[in-house]
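Structural characterization, general
Spelled out, the chains give:
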Amino acid sequence: QVQLVESGGGLVQPGGSMTLSCAASGSIFAIYSMGWYRQAPGKQRELVAAATGGGHPNYADSVKGRFTISRDNAKNTVNLQMNSLKPEDTAVYYCNARLRATILSGWNDYWGQGTQVTVSS
């Protein structure tokens, strides 16, 4: 079994900062990427930021210059530092990992339970 456990989230004022953290544990043979998605009410889930093992991070245009993703390959963790938060950043944020659980497994997506981020004064 693979588990993604998220921490962080909550209420923050516009212009504020917040850090989300995610740790992957369990049966993990290899991780291709770890990242964050978000889903606002009435909208589809969208990519926020993702980091592969050795490549450049990928960011949604709406968060470029404000959010920074960092991944620790040795610890199977990923953080999302969010600065200059806006009300439109309000959403449930989900940690994602694309990984192989065993040497015989294919690459599959795993998800955290989601954490609410609310940006409001």
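Residues numbered from 1 in each chain as written. Predicted model: local features only at pLDDT ≥ 70, side-chain atom pairs only at ≥ 80, totals over all residues. Heavy atoms only, no water.

**Thoughts on the state of the cysteines**
Per the counting criterion, the structure on display carries 1 disulfide. Paired by a disulfide, Cys22 and Cys95 hold their sulfur atoms 2.0 Å apart. Where Cys22 bonds to Cys95 through sulfur, the torsion about that S-S bond is close to -85°, and the disulfide is left-handed. Of the two residues, Cys22 is situated in strand S3 (residues 18–26) and Cys95 in strand S9 (residues 91–100); the sequence distance between them amounts to 73 residues. Comparing Cys22 with Cys95, the two get one shared label, buried. (Disulfide = S-S within 2.5 Å. Helix = DSSP H or I, 4+ residues; strand = E, 2+ residues; numbered from the N terminus. Buried < 20%, exposed > 50% of the residue type's maximum accessible area, 1.4 Å probe, protein only.)

**With respect to unusual backbone geometry**
Within the chain, Asn76 stands out as a residue other than glycine whose phi angle is a positive 55°. Within the secondary structure layout, Asn76 lies in the loop between strand S7 (67–72) and strand S8 (77–82). Asn76 gets classed as partly exposed once you look at its relative accessible area, which sits at 21%. Despite not being glycine, Ser84 has its phi angle at roughly 50°, a positive value.

**Describing the sheet that holds S7**
What the 4 strands build is an open sheet, ordered S1-S3-S8-S7; its pairing is antiparallel. The open sheet has two edge strands, strand S1 (2–7) and S7, and neither has a second partner. Each strand of the sheet is rotated relative to its neighbour by a mean of 15°, with strand direction disregarded. Where S7 and S8 come together, 6 bridges link them in antiparallel fashion. In the strand pairing of S8, Ser70 is matched with Asn79. (Pairing = 2+ DSSP bridges. Axes fitted to C-alpha atoms, helices over the stretch in contact; angles between N-to-C directions.)

This is a description of form; function is not addressed.
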